[in-house]
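Observations on the three-dimensional arrangement
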Amino acid sequence: MKTAIIALSIAIFALAGNINNAFSMDNFYKNEEINKAGQITKTTVCTGEDGKNLTPVKQFENKYDNNGKIRERILSVWDSRQSKWNANKKYQYEYTLDGQLQMLSYTTFNDSKNVWEGEIKYAMYIYNSEGNLLLVDYFNIENKDYEALASDFSIK
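All values reported here derive from a predicted model rather than from experimental measurement. (Residues numbered from 1 in each chain as written. Predicted model: local features only at pLDDT ≥ 70, side-chain atom pairs only at ≥ 80, totals over all residues. Heavy atoms only, no water.)

Remarks on the overall build of the protein
Rules: Each helix corresponds to a stretch of at least 4 residues labelled H or I by DSSP, and each strand to a stretch of at least 2 residues labelled E; elements are numbered beginning at the N terminus. The rule is simple: take the accessible area with a 1.4 Å probe, protein chains only, and divide by the maximum for that residue type; under 20% is buried, over 50% is exposed, in between is partly exposed. In short, Shrake-Rupley with a 1.4 Å probe defines the accessible areas, and a residue's cover is counted only from the protein chains shown.
A count of helical and extended segments in the protein gives 2 helices and 9 strands. Going residue by residue from the N terminus, the α and β elements of the protein occur as α-β-β-β-β-β-β-β-β-β-α. In the protein, which comprises 156 residues, the proportion classed as buried is 25%. Carbon and sulfur atoms form 53% of the exposed surface of the protein, whose accessible area is close to 11100 Å².

As structure tokens, then:
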């Protein structure tokens with residue numbers, strides 16, 4: 001009986017080790033492109049074993065404003081069938097005059113129409129007079145004219 005329990009325990013540990021190795025064979029690697037201001041403009045994430053035979057997975061492209069704050073981030077995913085990047089998600093950032101995050105918007109790309117979706121999800125950040133965050137409010141808007149909407153929320 002004691003031998004059977006020991007043998008069963010060894011088998012369970014061996015199986016757990018094999019499962020762990022199966023899931024950890026691929027590692028993630030990233031490459032960052034940096035502009036003259038030291039900002040990361042593009043991050044490409046790949047998988048591979050020991051840094052060889054890398055396969056692209058996703059890519060982030062960042063755009064910044066004149067103050068060095070991120071204004072837009074686009075996430076693309078790799079389509080191995082067509083060997084190209086496909087836009088997937090877009091995040092846009094709005095800031096107060098004091099440089100605090102005021103609004104974050106999020107939308108997805110419609111592959112069949114080849115356009116960004118009209119429905120935009122928002123997170124609005126509300127601060128008190130001392131600049132402390134009071135509230136984050138979330139809402140969705142079906143909107144075709146994002147630029148006009150975003151300017152309506154700007155704090156003067």
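Topic: the nonpolar core
One recurring pattern in soluble globular proteins: nonpolar side chains tend to sit buried together. In plain terms, the rule: Grouping buried Ala, Val, Leu, Ile, Met, Phe, Trp, Tyr and Cys residues that are joined through side-chain atoms within 4.5 Å yields what is termed a nonpolar core.
Residues Met103, Ile120, Tyr122, Met124 and Phe139 constitute the largest nonpolar core, which totals 5 residues. The biggest single contributor to this core is strand 8 (residues 119-127), with 3 residues.

Section: unusual backbone geometry
Positive phi is not limited to glycine here, since Ser83 has a value of about 50°. As for its placement among the helices and strands, Ser83 is situated in the loop between strand 4 (70-79) and strand 5 (84-95). Of note, the phi angle at Asn114 is positive, near 60°, even though the residue is not glycine. Here Asn114 shows up in the loop between strand 6 (101-110) and strand 7 (115-116). We classify Asn114 as exposed; its relative accessible area is 57%.

Considerations on the confidence of the model for the protein
We count it as follows: Per residue, pLDDT captures the predictor's confidence, and it can take any value from 0 to 100. Residue contacts are counted whenever heavy atoms from the two residues lie within 4.5 Å of one another.
On average, the protein scores 81 in pLDDT, and the residues at 70 or more come to 74%. The weakest mean pLDDT in the protein belongs to helix 2 (residues 146-152) at 45; the strongest belongs to strand 4 at 97. Here residues 1-9 scores under 50 on pLDDT; set against residues more than four positions off or in separate chains, the count is 0 contacts. Across residues 146-156, confidence stays below pLDDT 50; counting only partners more than four residues off in sequence or on other chains, it has 20 contacts.

Details of the pairing of strand 4
In plain terms, the rule: Strand pairing is defined by DSSP finding a minimum of two bridges between the two strands.
Here strand 3 (residues 52-64) pairs with strand 4 via 7 bridges, running antiparallel. Of the residues in strand 4, the one forming a bridge with Glu61 is Ile74. Two successive antiparallel strands, strand 3 and strand 4, enclose a turn made up of 5 residues, where Gly68 displays a positive phi of approximately 85°. Across 8 bridges, strand 4 lies against strand 5 in antiparallel orientation. Residue pairing in the sheet places Trp78 in a bridge with Trp85 of strand 5. Here strand 4 hands over to strand 5 after 4 residues, with Ser83 in that stretch at a positive phi of 50°.

Some points on the side chain of Asn62
Keep this limit in mind: Within 3.5 Å is the distance limit for a polar contact, defined as a pair of N or O atoms, with the added protein rule that one can donate a hydrogen and the other accept it, and that residues adjacent in sequence qualify only through two side-chain atoms.
Along the chain, Asn62 turns up in strand 3. Side-chain polar atoms of Asn62 contact the backbone oxygen of Ile40, separated by 2.9 Å. Filtering out sequence-adjacent residues up to four positions away, Asn62 remains in contact with Ile40, Thr41, Ile70, Glu72 and Arg73.

Description of the pattern of salt bridges
Worth spelling out the cut-off: The rule for a salt bridge is simple: a side-chain nitrogen of Lys or Arg has to be within 4 Å of a carboxyl oxygen of Asp or Glu.
Counted according to the given criterion, the structure contains 4 salt bridges. With a closest N to O distance of 3.2 Å, Glu32 and Lys30 form a salt bridge. According to the relative accessible area criterion, Glu32 is partly exposed, its value standing at 33%. Here Glu94 makes a salt bridge to Arg71, at a shortest N to O gap of 3.9 Å.

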